[in-house]
Amino acid sequence: MWALAGFWGLVAGGALLIGAAFAYFVHVPQRLIAGVMAFGSGVLISALSFELMDEAFRQGGFDSTAIGFLGGATVYTAVNWLLEKRGAKHRKRSGGHQPSEQEHAGSGLAIAVGALLDGVPESIVIGLSMLNGGAVSRVAVIAIFLSNIPEGLSSAAGMKKAGRSAGYIFGIWAGIALTSGIAALVGYTVFQGFSDEVIAATTAVAAGAILAMLADTMIPEAFEVAHNFAGLITVTGFLAAFVLSKLGG
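Residues numbered from 1 in each chain as written. Predicted model: local features only at pLDDT ≥ 70, side-chain atom pairs only at ≥ 80, totals over all residues. Heavy atoms only, no water.

Under an unreviewed UniProt entry, the name given to the protein is Zinc transporter, ZIP family, and the organism recorded is Noviherbaspirillum suwonense.

1. Notes on the overall build of the protein
A count of helical and extended segments in the protein gives seven helices and zero strands. Seen in sequence order, the protein has helices and strands lined up from the N terminus as α-α-α-α-α-α-α. Taken across its 249 residues, the protein has 49% of its residues classed as buried. Within the protein, contacts between residues separated by at least 24 positions form 85% of all contacts whose residues are at least 6 apart in sequence. (Helix = DSSP H or I, 4+ residues; strand = E, 2+ residues; numbered from the N terminus. Buried < 20%, exposed > 50% of the residue type's maximum accessible area, 1.4 Å probe, protein only. Contact = heavy atoms within 4.5 Å.)

2. Notes on helix α5 (residues 166-189)
An α-helical turn contains 3.6 residues, so a residue and the one three or four places further along point in the same direction. Under the 1.5 Å per step criterion, the end-to-end length of α5 is 34 Å for 24 residues, consistent within 8% with the ideal 34 Å. Buried residues of α5: I169, F170, I172, W173, I176, A177, S180, G181, A183, A184, G187 and Y188, and no others. (Expected span 1.5 Å × (residues − 1).)

3. Quick word on the confidence of the model for the protein
Considering every residue of the protein, the mean pLDDT works out to 82; 87% of them sit at 70 or more. The secondary-structure element of the protein with the lowest mean pLDDT is helix α3 (residues 107-129), recorded at 73, while α5 shows the highest, at 89. Taken together, the stretch residues 104-108 has pLDDT below 50 and engages in 15 contacts with residues farther than four places along the chain or on a different chain. (pLDDT = per-residue confidence, 0-100.)

4. A short note on the UniProt feature "transmembrane region" (unreviewed entry) in the protein
Following the UniProt record, one finds the feature "transmembrane region" (unreviewed entry) at residues 6-25, 32-53, 65-83, 166-191, 198-219 and 225-244. The span residues 166-191 shows a helical share of 92% and a strand share of 0%, and its end C-alpha atoms are spaced 37 Å apart. Between the first and last C-alpha atoms of residues 198-219 the distance is 30 Å; the span itself is 100% helix and 0% strand. (UniProt positions renumbered as here; feature names shortened; annotations may be inferred.)

5. With respect to empty space enclosed by the protein
Picture a little ball the size of a water molecule; that probe, rolled over the atoms, points out where space is still empty. In total, this model carries three cavities of 30 Å³ or more according to the counting rule given. Volume-wise, the largest cavity comes out at about 60 Å³. As for the largest cavity, its lining consists of L44, A47, L48, L52, E122, V125, A140, I144 and I210. Contributing elements (two or more residues each) for the lining of the largest cavity: α2 (30-88), α3 and α4 (138-161). Of the residues that constitute the lining of the largest cavity, the class distribution is eight nonpolar, no polar and one charged. Approximately 50 Å³ is the volume found for the second largest cavity. Around the second largest cavity sit 13 residues that line it, and L16, G119, E122, N148 and I176 are the ones nearest its centre. Ranked by residues supplied to the lining of the second largest cavity, first place goes to α3 with five residues. Class assignment of the residues belonging to the lining of the second largest cavity gives a composition of five nonpolar, five polar and three charged. (1 Å grid on protein atoms, 1.4 Å probe; cavity = no way out; pocket = protein on both sides within 12 Å on 5 of 7 lines; lining within 4 Å. Points joined across faces, edges and corners; volume = space filled by probe spheres on them. Nonpolar A, V, L, I, M, F, W, Y, C, P; charged D, E, K, R; others polar.)

Printed below as a string of structure tokens:
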């Protein structure tokens, strides 16, 4: 079971490499990238609402869920603020926003750490979903997979424009994909002996971190280029994941 948890985390994280490959080898228009980012944002908002928060509330009650949710958003925001100071502010931007290493020394490492910060909470959730009955949440895996493609796509496009090498770009996303598998494995193995309240709070922590990440990184990128269409595309992504969650149930 622990190997299966790691496998599903690796599958979801592997979508980052798919998105990065498209950005590096295919010329993807900015408006298309923005649209895909908006769709992915809607998918994740739906998943954290109906899969993560709802499950956390059922398992641990309101207190554990609320504390975890706010805690996850607070920790993410604090770490993200520190990374911004080191040059990782625009790590998910596909345009010419990302600084090169010459423009901001250390920004490459900050971007790598930022990508790790964005991906780990999602992957832990995959492992946690297997604690009840051993079956992975298909909705969570599909939602994270679908949202990871635009994340990798947009960020890799920005990295390429900042002059970063193919080895750097694919090295980051391969590393994050591998870490995603490890995080899912940890979510399954480490939390088996914990109480329902702790598991619920951890799930809510991931949900809070994901929502903060969306507001800080993915949604601004989508709106900057897609403008008035960003809202409609986001709603479409939300509806797609919502339907998926109901069909899965």
